[in-house]
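Structural overview for review
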Amino acid sequence: MNKMNLNELTVKEAARKLQSKEISAVELTQAHLDRIKKVDGDVHAFLYVAEKEAIAQAEEADKIITDNISPLTGIPYAVKDNILVKGYQATAASKILENYKATYDATAIKRIKTSSPVMIGKTNLDEFAMGGSTENSPYGVTKNPYDLTRVSGGSSGGSAAAVAAGEALFAFGTDTGGSVRQPASFCGVVGLKPTYGRVSRYGLMAMGSSLDQLGVFARTVEDTAMVFQQVAGPDEYDTTTLPKPVPEYSTFLKDDVKGMKVGVPKEYFGEGMDPEVREIINNAIKKFEELGATVEEMSLPHAEYSLAAYYIIMPVEVSANLSRYDGVRYGLSIPGKSLEETYYNSRSDGFGKEAKRRIMIGTYASSAGYFDAYYKKAKLAQDLIRHDFNEAFKKYDILLTATAPTPAFKIGEKSADPLSMYLADIYTVGLNIAGVPGISVPAGITKAGLPVGLQIIAPHFKEENLFWAGHAFEQSLNLKLKPQLAE
Ligand code: GLN
């Protein structure tokens, strides 16, 4: 088998080849390192490639691979650079953490390591996960593997692009308002945002603590479920995780959706939706009917407040969370004549424009004089939005929408206008506001060759519905996606 094909395997296929000894973990890892050398100069998914360490991990994996080992053993994966992996850099793509190295493993990393996969590198993001294009990274933009003049999405653009470009078989990201689902949609891969409280946030750099969740990227729904199985569940280090049993997700992967009740929220099909995206999503919805689901148009009446509520609640939490980067405790420090001047110097130089913008908005909206007018109102809107989803899920097993209103946009197209960038989050933020899980599954490709994702939404702690619906849809669609990169 030639090395190129090794970069197109799913986790499941690679595991089969590893376990039958057709290939070794070292070969598989080397193929991915070679691929990174070849394409990452263009794509720029990685901030750090763990070349030597990855080979050493692969050698260890080769020693233990038998045919009943975990399917993740020896599988190369990538990690967004705001997630802690002990001994590796964790910059959150911020100058303020330029030289910071993680001193412990995030819980998800600790759990995945029990299967001995191979950590191949740390991926690029918008600074502290704030953005939707990976353009807010001081280390350069991550380009879309399907069109290098376009963005990979964000904020987990590096992780999405790495999986899409054949540089890793799966990857971790974080999703506060769409940062896993939207880049998954733009890059033609699967991206999961779990229920708030289903997976530990311990070892994730906090952006909006009441909204953040760890997410998974992979090439198939089945691979995504397999990885998620390993990391889901309560954690004593994160008291927001709930002690609910984690079902065996593989048992939900069926080829049809017979008996499934599907709602299509009409508020998610308003103006601003690209006509090609609309067509692809409408076809996806038809597919669900063909596969045996009952599909109905319905309403989430307060959906229109999602974006406004998100862009108040999130920056308020950002302003609190980023206050710990003070030039004293972590990373960059530019001493001044007084402590205050040290804070000022370090934060002025360390944070980029978007981080500063959100700190300002959040500080303003939570200040004594404006708290009632902004933050309190946003929290009231949050209650209404959450209520809408709860009501909907009394009747439906899943809801279907587009993940993003457009395919990947051009680099630079929105970066000068933050409001137009925020609008791109219109379909994703409501889920974080309500805490419900969602997955983006590739649903089609535009005439210009850009992937478009279908967003599937499920009730709290019902990720199995996402996997059930996503897998059946993916199997019947059988979309063959492959970026045209130099080979
Ligand atoms: N694009 C959204 C934002 O800029 C989402 C970010 C995220 O999910 N981390 O806030």
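Residues numbered from 1 in each chain as written. Predicted model: local features only at pLDDT ≥ 70, side-chain atom pairs only at ≥ 80, totals over all residues. Heavy atoms only, no water.

Moving on: the sheet that holds strand S13 (residues 451-457). Spatial ordering of the open sheet is given by S1-S3-S2-S6-S8-S7-S12-S13-S11-S9-S10, a layout of 11 strands whose pairing is mixed. On the outer flanks of this sheet lie strand S1 (46-49) and strand S10 (294-298), each paired with one strand and no other. Pairs of neighbouring strands in the sheet enclose a mean axial angle of 30 degrees, with direction left out of account. Two elements, strand S6 (residues 170-175) and strand S8 (residues 213-218), share six bridges in a ladder whose sense is antiparallel. In the sheet register, Thr 174 faces S8, and the bridge partner there is Leu 214. (Pairing = 2+ DSSP bridges. Helix = DSSP H or I, 4+ residues; strand = E, 2+ residues; numbered from the N terminus. Axes fitted to C-alpha atoms, helices over the stretch in contact; angles between N-to-C directions.)

Our focus in this paragraph is the site of the ligand. Close contacts around the ligand come from 16 residues, with Ala 129, Thr 176, Gly 177, Ser 179 and Tyr 310 the closest. Contact with the protein chains removes 99% of the 290 Å² of surface that the ligand exposes when unbound. In terms of residue count, the dominant contributor to the shell around the ligand is helix H10 (residues 306-321) (three residues). Tallied by class, the residues present in the shell around the ligand amount to six nonpolar, seven polar and three charged. (Near = heavy atom within 4 Å. Areas by Shrake-Rupley, 256 points an atom, 1.4 Å probe, with all protein chains shown as cover. Nonpolar A, V, L, I, M, F, W, Y, C, P; charged D, E, K, R; others polar.)

Phe 128, Phe 170, Phe 172, Phe 288, Phe 389 and Ile 456 are the most contacted members of the largest nonpolar core, which totals 150 residues. In terms of residue count, H10 provides more of this core than any other element does, nine residues in total. Among residues more than four places away in sequence, those in contact with Phe 170 are Val 11, Leu 72, Ile 75, Pro 76, Tyr 77, Ala 78, Ile 112, Pro 117, Val 163, Phe 217, Ala 218 and Val 227. Of all hydrophobic cores here, the second largest spans seven residues; its members include Ala 404, Ala 408, Met 421 and Ala 424. (Core = buried A, V, L, I, M, F, W, Y, C linked by side-chain atoms within 4.5 Å. Buried < 20%, exposed > 50% of the residue type's maximum accessible area, 1.4 Å probe, protein only. Contact = heavy atoms within 4.5 Å.)

The subject of this paragraph is unusual backbone geometry. With the exception of glycine, the majority of residues adopt a negative phi angle, and the majority of peptide bonds are in the trans configuration. Of the consecutive residues Gly 154 and Ser 155, the connecting peptide bond is found in the cis state with omega at 10 degrees. Examined against the element boundaries, Ser 155 turns out to sit in the loop between strand S5 (147-151) and helix H6 (157-164). Positioned with a positive phi, Ser 116 is a non-glycine residue whose angle comes to about 55 degrees. For Ser 116, a relative accessible area of 25% puts it in the partly exposed group. Positive phi is not limited to glycine here, since Phe 461 has a value of about 60 degrees. Relative to the helices and strands, Phe 461 resides in the loop between S13 and helix H16 (463-477).

For the rest of this paragraph, the subject is the pattern of salt bridges. As enumerated under the stated definition, the model contains 21 salt bridges in all. For the salt bridge of Glu 51 with Lys 37, the shortest nitrogen-to-oxygen distance reads 3.0 Å. Of this pair, Glu 51 sits in helix H4 (residues 51-64) while Lys 37 sits in helix H3 (residues 25-43), placing them 14 residues apart in sequence. Residue Lys 37 is classed as exposed on the basis of its relative accessible area, which comes to 57%. (Salt bridge = Lys/Arg side-chain N within 4 Å of Asp/Glu carboxyl O.)

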